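One-letter residues, chain by chain:
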Amino acid sequence: MSEASFDPKTFVASLPRSPGVYRMMGADDEVLYIGKAHDLRARVGSYFRNTGQSLKTAAMVRQIQRIETTVTHTESEALLLENDLIKHQKPRFNVMLRDDKSYPYIYLSTEDEYPRLDFHRGPKRRAGRYFGPYPSASSVRESLSLLQKTFGVRQCQDSFFSQRSRPCLQYQIQRCRAPCVGLVSAEDYARDVRRTEMFLEGRSQALIEELVVDMERAAGHLEYEQAARIRDHIAALKRIQEKQYVSAEGGDLDVVAAEVDHGAACVHLSMVRDGRQLGSRQYFPRVSSHQEAGEVLAAFLSQHYAANPVPAEIYVSHGDPEYEMLEMALGQREGRRIRIVLPTRGAPRRWIKMAMLNAHTALRQYVVSRASLRQRFQDLQDALGLDAIPERVECFDISHTLGEATVASCVVFNQDGPLKSDYRRYNIEGVEPGDDYGAMEQVLTRRYRKMKEGDGTWPDVILIDGGKGQLARAEEVMRELQIGGLTLVGVAKGRERKPGMERLFLSASGSPTILPADAPALHLIQQIRDEAHRFAITGHRQRRGKARTRSRLESVAGVGEKRRQALLKHFGGMQGVGRAGIEDLAAVPGVSPELAQRIYDAFHGEDR
């Protein structure tokens, strides 16, 4: 459909006055923008007013060639559909959250005889209690550390716990009560678990008062060491209470502030649950030019709370007309009232000012870092003699141990930094062990053959971790696939393999280029190369560990899935099986002495 054939007035008049989602389409069916509406006719019609439009909206409207709509039953459905479509279609004019990882929780396994604490992220499938969400993994680990020091509730895995015959190191350093070997009664351990729950529920003051009674009782019985330990625990809890205390009324709330500058944005989120501040987190969403802080904040709230728990109150730094609809949609989904408030006085206003200061500081650091990275890309253009500044760089590395479990990595960088969603690992099969040239040929063929079929985004520069030989193989692959116009660079370590001594090969038949050790372009190449190396090693270790775990037991005749699980459970993992003697192995139900001998030989035969 051509632009001239699209009649906004006629189209808007045909729309229902119902909730729904609209998709604005440009040339070649590019999705320009996705939005939600309480009233589709009114919302879509607002884009075609003659006055009062922002520069961004005016620029977008000029590119519209058609609009698609989906009617939903409720605003809540529209909110969820909009969020899902934005994630998958990544429209150019939408604010896009880069990091949508789920929030971490603290997990308490209440179903166990001796419950344990654990770090949890993802679906809540296990029976037990989940406390949070916390804004970051570090805030969870900080809380777990404090709880371990104060109450000694175990944090070990069940397989480790069930195999103990003596206390572990955590007992020695007074961070666990050693329930695994019966050094604490069930009643005392249950009391520690209950107090842990009180802390996680935000009932710190009641917990402190209870501990004060215990301290005085211990002192009255002349148990001064015990009284001193309780005193130290009380002092630690008071310090945490002072640091985290936010609201005298308690309750759940989020404080969200946005800062926009130089075409970049930062959203600072502070999370408060049960009156305790759990921590904060910064987001740097992708924004287009001329977007204001209120618009960025509204888009953030819409996308963020479509996938995460919603507190009763959300304090924001900037207003936006969309908040009213968001309150209705989120409230409808949660089944309770949700308030989005722009505070003007009192404690909430102070919290917003602090959040705005944090957002401002973080954005300045981000802009400087991004400017520095873009300058490195400009220097890379000069160093490689390119016609234009590269927009996308891909780097490949190979990792293995004496040819075992070979894995190739591909990492991707653009002028904003690493594009981790585009990272890929490739398990290398069908090449001679240790043949790095063959491995490189395979990974390049697999990746760029798919691109020739239309799957993926082409890079401007391809970095190969290796010298002339690796580069020659890469050039051969490009010739075979009939791919031209890409710059291939071999990155060879110097003789002493020290950073700053790298040699760059722009052609397998030419001499190396050696950049100064302080050259920004070399620093960029080193950063990308090191990231590819890290990504490859991580994948190789995972594959190697999985292969060794699988092959050692699964290669033994007579060891099926049930016996394998019984062995792993009995000995607490593969290392325990490997350390076990023949008699120990035969003690496992279902394992005969002959089978125990075969299992033992599988782990120790090569050392005999």
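Think of each chain on its own: its residues are numbered from 1, step by step along the sequence as written. Since the coordinates come from a predicted model, pLDDT governs what is reported: local features require at least 70, and pairs of side-chain atoms require 80 or more to be given and counted, while whole-chain, interface and lining totals use all residues. Each side-chain value is derived from all of the structure's non-hydrogen atoms; neither hydrogens nor water enter the calculation.

**Notes on the pattern of salt bridges**
Any carboxyl oxygen of Asp or Glu that lies within 4 Å of a side-chain nitrogen of Lys or Arg is treated as forming a salt bridge with it. All told, the structure shown has 38 salt bridges when counted by the stated rule. Across the pair Asp118 and Arg126 runs a salt bridge whose closest N-O atoms are separated by 3.7 Å. Arg339 is the partner of Glu313 in a salt bridge, and the nearest nitrogen-oxygen pair spans 2.3 Å. A residue pair is termed long-range when its members are at least 10 positions apart, and Glu313 in strand β10 (residues 313-316) and Arg339 in strand β11 (residues 339-341) qualify at 26 residues. Overlapping salt bridges bring together Asp112, Arg116, Asp118, Arg126, Arg154 and Asp158 as one network. Under the DSSP-based scheme used, a helix requires at least four consecutive residues in state H or I and a strand at least two consecutive residues in state E, with every element numbered from the N terminus.

**A look at the sheet that holds strand β1 (residues 20-25)**
Two strands qualify as a pair provided DSSP detects at least 2 bridges between them. The strand order β2-β1-β3 describes an open sheet built from three strands, whose pairing is antiparallel. At either margin of the open sheet sits one strand with a lone partner, and together these are β2 (31-37) and β3 (66-71). Neighbour to neighbour, the strand axes of the sheet diverge by 15 degrees on average, direction disregarded. Taken together, the six bridges between β1 and β3 define a ladder with antiparallel strand orientation. If you follow Arg23 over to β3, its bridge partner there is Glu68. Any two residues whose heavy atoms approach within 4.5 Å at even a single point are treated as in contact. Orientation is described by lines fitted to C-alpha atoms, with helices fitted over the stretch in contact, and by angles between N-to-C directions that extend from 0 to 180 degrees. With respect to the sheet, helix α4 (residues 75-89) is in contact with β1, β2 and β3, its orientation differing from that of β2 by roughly 165 degrees.

**Quick notes on the packing of helix α14 (residues 436-452) against helix α15 (residues 468-481)**
For any two helices packed against each other, the geometry comes down to the angle between their axes and how far apart the axes lie. Viewed as axis vectors pointing N to C, α14 and α15 meet at an angle of 30 degrees, and their least axial separation amounts to 9 Å. At the point where α14 passes α15, the crossing takes the right-handed sense. Facing α14, whose interface residues are Asp436, Tyr437, Gly438, Met440, Glu441, Leu444, Thr445, Tyr448, Arg449 and Lys452, α15 presents Gly469, Gln470, Arg473, Ala474, Val477, Met478 and Leu481. Residue type decides the class: Asp, Glu, Lys and Arg count as charged, Ala, Val, Leu, Ile, Met, Phe, Trp, Tyr, Cys and Pro as nonpolar, and the leftover types, Gly among them, as polar. Partitioned by chemical class, the residues of the contact of α14 with α15 number eight nonpolar, four polar and five charged. Two helices crossing with the near one rotated counterclockwise from the far one by less than a right angle form a left-handed crossing, whereas a clockwise rotation gives a right-handed crossing.

**So, the confidence of the model for the protein**
Should pLDDT be low for a region, the predicted coordinates there are not to be read in detail. Here pLDDT means the predictor's own confidence in every residue, given as a number from 0 to 100. Taken over all residues, the pLDDT of the protein has a mean of 85, while the share at 70 or more is 94%. The least confident element of the protein, judged by mean pLDDT, is helix α10 (residues 224-244) at 76; the most confident is β10 at 95.

**Some details on the environment of Met356**
Along the polypeptide, Met356 turns up in helix α13 (residues 346-384). Met356 sits 337 residues away from Pro19 along the chain, and the two C-alpha atoms are 33 Å apart. Setting aside anything within four residues of it in sequence, one finds Met356 in contact with Ala257, Ser317 and His318.

**Brief notes about the sheet that holds strand β6 (residues 129-131)**
With antiparallel pairing, the three strands of this open sheet are ordered in space as β5-β4-β6. The two strands at the open ends of the sheet, each matched to only one other strand, are β5 (117-121) and β6. Each adjacent strand pair in this sheet contributes to an overall mean axis angle of 35 degrees, direction not counted. As paired elements, strand β4 (residues 104-108) and β6 share three bridges and run antiparallel to each other. The residue bridging Tyr107 from the neighbouring strand is Tyr130, located in β6.

**Overview of the pairing of β2**
Only protein chains enter the accessibility calculation, which uses a 1.4 Å probe; a residue whose area is less than 20% of its type maximum is buried, one above 50% is exposed, and one in between is partly exposed. Of all seven residues making up β2, seven are buried, and the element is well covered by its neighbours. Note that β1 and β2 share six bridges and pair antiparallel. In the sheet register, Met25 faces β2, and the bridge partner there is Val31. If you look at the hairpin formed by β1 and β2, you'll find five residues sitting between the two strands, and Asp28 has a positive phi there, around 55 degrees.

**Observations regarding helix α8 (residues 186-200)**
An expected span of 1.5 Å times one less than the residue number is assigned to each helix. Here α8 spans 21 Å end to end across 15 residues, near enough to the 21 Å set by a 1.5 Å rise per residue. Residue Gly202 follows α8 closely and has a positive phi angle near 90 degrees.

**Brief notes about α15**
Residue pairs spaced three or four apart in an α-helix point in one direction, given the helix's 3.6 residues per turn. Under the 1.5 Å per step criterion, the end-to-end length of α15 is 20 Å for 14 residues, consistent within 8% with the ideal 20 Å. Among the residues of α15, Gln470, Leu471, Ala474, Val477, Met478 and Leu481 are the ones counted as buried. For α15, the angular spread of the buried residues around the axis is 115 degrees, confining them to a single face. Residues of α15 that are exposed and point more than 90 degrees away from the buried face comprise Arg479 and Glu480. Positive backbone phi, approximately 60 degrees, marks Gln482, located one or two places after α15. To obtain the arc, one takes the directions from the helix axis to the C-beta atoms.

**Regarding the side chain of Arg447**
Tracing the sequence through the fold places Arg447 in helix α14. By relative accessible area, Arg447 is classed as buried at 9%. Pairs of N or O atoms within 3.5 Å make up the polar contacts considered here, provided that, within protein, one atom can donate a hydrogen while the other can accept it, and that residues adjacent in sequence are counted only when both atoms are side-chain atoms. Polar contacts involving the side chain of Arg447 include one to the side chain of Tyr426, which spans 3.0 Å. When near neighbours in sequence (up to four residues on either side) are disregarded, Arg447 contacts Arg392, Glu394, Phe396, Cys410, Val412, Asp422, Arg424 and Tyr426.

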